[in-house]
Amino acid sequence: MTDNSSVIKLKDISYSYPGSNTRVLDHLNLEVNKGDRIGMMAPNGSGKTTLLHTIMGLCKPESGTIEVFGKQLKHEKDFLPVRSKIGLLFQDSDDQLFCPTVLDDVAFGPLNLGFSPQDAIDTARNTLERLGIQILEQSVTHRLSGGQKRLVALAAVLAMEPEVLLLDEPTAGLDHKVKEKLIHILNSLDISYFVISHEFDFAKAVTDKIYSMENGKILTDDEIHIHRHEHVHKHGKHPHNHK
Ligand SMILES: Nc1ncnc2c1ncn2[C@@H]1O[C@H](COP(=O)(O)OP(=O)(O)OP(=O)(O)O)[C@@H](O)[C@H]1O
Ligand SMILES: [Mg+2]
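Residues numbered from 1 in each chain as written. Chains lettered and ligands numbered in written order. Predicted model: local features only at pLDDT ≥ 70, side-chain atom pairs only at ≥ 80, totals over all residues. Heavy atoms only, no water.

Draft legend 1. Structural context of the nonpolar core. Formed by 34 residues in total, the largest nonpolar core has its most connected members in Val106, Val152, Leu165 and Leu186. Those elements giving two or more residues to this core turn out to be α3 (102-112), α4 (117-130), α5 (146-158), β7 (164-168), α6 (176-188), β8 (192-196) and α7 (200-206). Examining the composition of this core, we find that seven residues originate from one element, α5, more than from any other. Setting aside residues no more than four positions away along its own chain, Val152 makes contact with Leu97, Val102, Val106, Ile133, Leu136 and Leu144. In terms of nonpolar packing, the next biggest core, distinct from the first, is built from 33 residues, Tyr15, Val24, Met40 and Leu88 among them. (Core = buried A, V, L, I, M, F, W, Y, C linked by side-chain atoms within 4.5 Å. Buried < 20%, exposed > 50% of the residue type's maximum accessible area, 1.4 Å probe, protein only. Helix = DSSP H or I, 4+ residues; strand = E, 2+ residues; numbered from the N terminus. Contact = heavy atoms within 4.5 Å.)

Draft legend 2. Representation of the pairing of strand β1 (residues 6-15). Where β1 and strand β2 (residues 25-33) come together, six bridges link them in antiparallel fashion. Bridge assignment links Ser6 to a residue of β2, and that residue is Asn33. Direction of pairing for β1 relative to strand β4 (residues 63-68): antiparallel, over a ladder of five bridges. Each bridged residue has a counterpart across the sheet, and for Lys9 the counterpart in β4 is Glu67. (Pairing = 2+ DSSP bridges.)

Draft legend 3. Molecular detail of α5. Across its 13 residues, α5 extends 18 Å between first and last C-alpha, which sits within 8% of the 18 Å expected from 1.5 Å per residue. Across the 13 residues of α5, eleven count as buried, placing the element largely inside the fold. Taken residue by residue, α5 has Gly147, Lys149, Arg150, Leu151, Val152, Ala153, Leu154, Ala155, Ala156, Val157 and Leu158 as its buried positions. Lining the buried residues of α5 we find β6 (86-89), α3, α4, β7 and α6. (Expected span 1.5 Å × (residues − 1).)

Draft legend 4. Seen up close, the coordination of the magnesium ion (ligand 2). Only Thr49 (OG1) and Gln91 (OE1) from the protein coordinate the magnesium ion (ligand 2), and they sit 2.0 to 2.2 Å from it. On the criterion of sequence distance, the pair formed by Thr49 in helix α1 (residues 48-55) and Gln91 in the loop between β6 and α3 is long-range, its members being 42 residues apart. (Donors = N, O, S within 2.8 Å, 3.2 Å for Na, K, Ca; no water.)

Draft legend 5. Structural detail: the domain arrangement of the protein chain. Taken as a whole, the protein chain is organised into domain 1 (1-85 + 163-237) and domain 2 (91-161). The straight-line distance from the C-alpha centre of domain 1 to that of domain 2 is 23 Å. Every contact between the two is made by 16 residues of domain 1 and, on the other side, 13 residues of domain 2. With both chains or domains summed, domain 1 and domain 2 bury close to 1200 Å², and 64% of this area falls on carbon and sulfur atoms. Linking domain 1 to domain 2 there are zero salt bridges. Elements with a minimum of two residues in the side of domain 1 that touches domain 2: β7 and α6. Sorting elements by how many residues they give to the side of domain 1 that touches domain 2 places α6 first, with four residues. (Domains from an automatic or database assignment. Buried area = accessible area lost by both parts, 1.4 Å probe. Salt bridge = Lys/Arg side-chain N within 4 Å of Asp/Glu carboxyl O.)

Structure follows, in structure tokens:
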């Protein structure tokens, strides 16, 4: 499916949080092409979430270039149109959900894209149904369980029919049955996505390649060895037995 047309291209990106002199991203390069389904498994604190926020223009890098759909993005106004085409599932669902009810939250994106109120509600209802959570429609979002919030946040992202998905630990807090459903949904989507996960089986089931991060840089699947006991390391760098 990959046709090599560039969806996201990061070149030589460096980023430190304000007031810190540690580089979370250090001359990082990343390419996501049309049709790519990329997984990312890397240790806590290695910079995965920061990377997604940088792509969305939420963290402004001190050096390097960001291109999305072949266009270089520099200023806040360049990122605005891109944010409706790239669906970011935040690591913390509370950062994503802010409306009183579930239906309002899921209809918010389509409304913002210019859908009529009725079309936005229909789209929201269809998306909730697709995720099997239509029963939550009138629920008060902030009173949902962590796993339910995760699904509503995902519905809010999918309802915008993004061209690319950036998913930050989508399975966190989901039970086995819901995870299986998510695997099925992701595999039935015909769009590029980049998914961060600490769960090897999930990442393997929904992606074609798995990257990692170390010292602020991406390690591609040629450079890492990934295997069933759920961690990644460079080829030959940390030898150990696989029993
Ligand atoms: N808002 C912030 N201000 C200052 N430092 C931050 C902030 N957010 C993250 N960091 C630091 O940046 C580094 C990378 O954090 P990030 O959240 O990107 O890691 P991660 O790979 O997503 O980790 P996890 O697997 O735990 O989600 C960490 O050292 C973290 O302490
Ligand atoms: Mg994170």
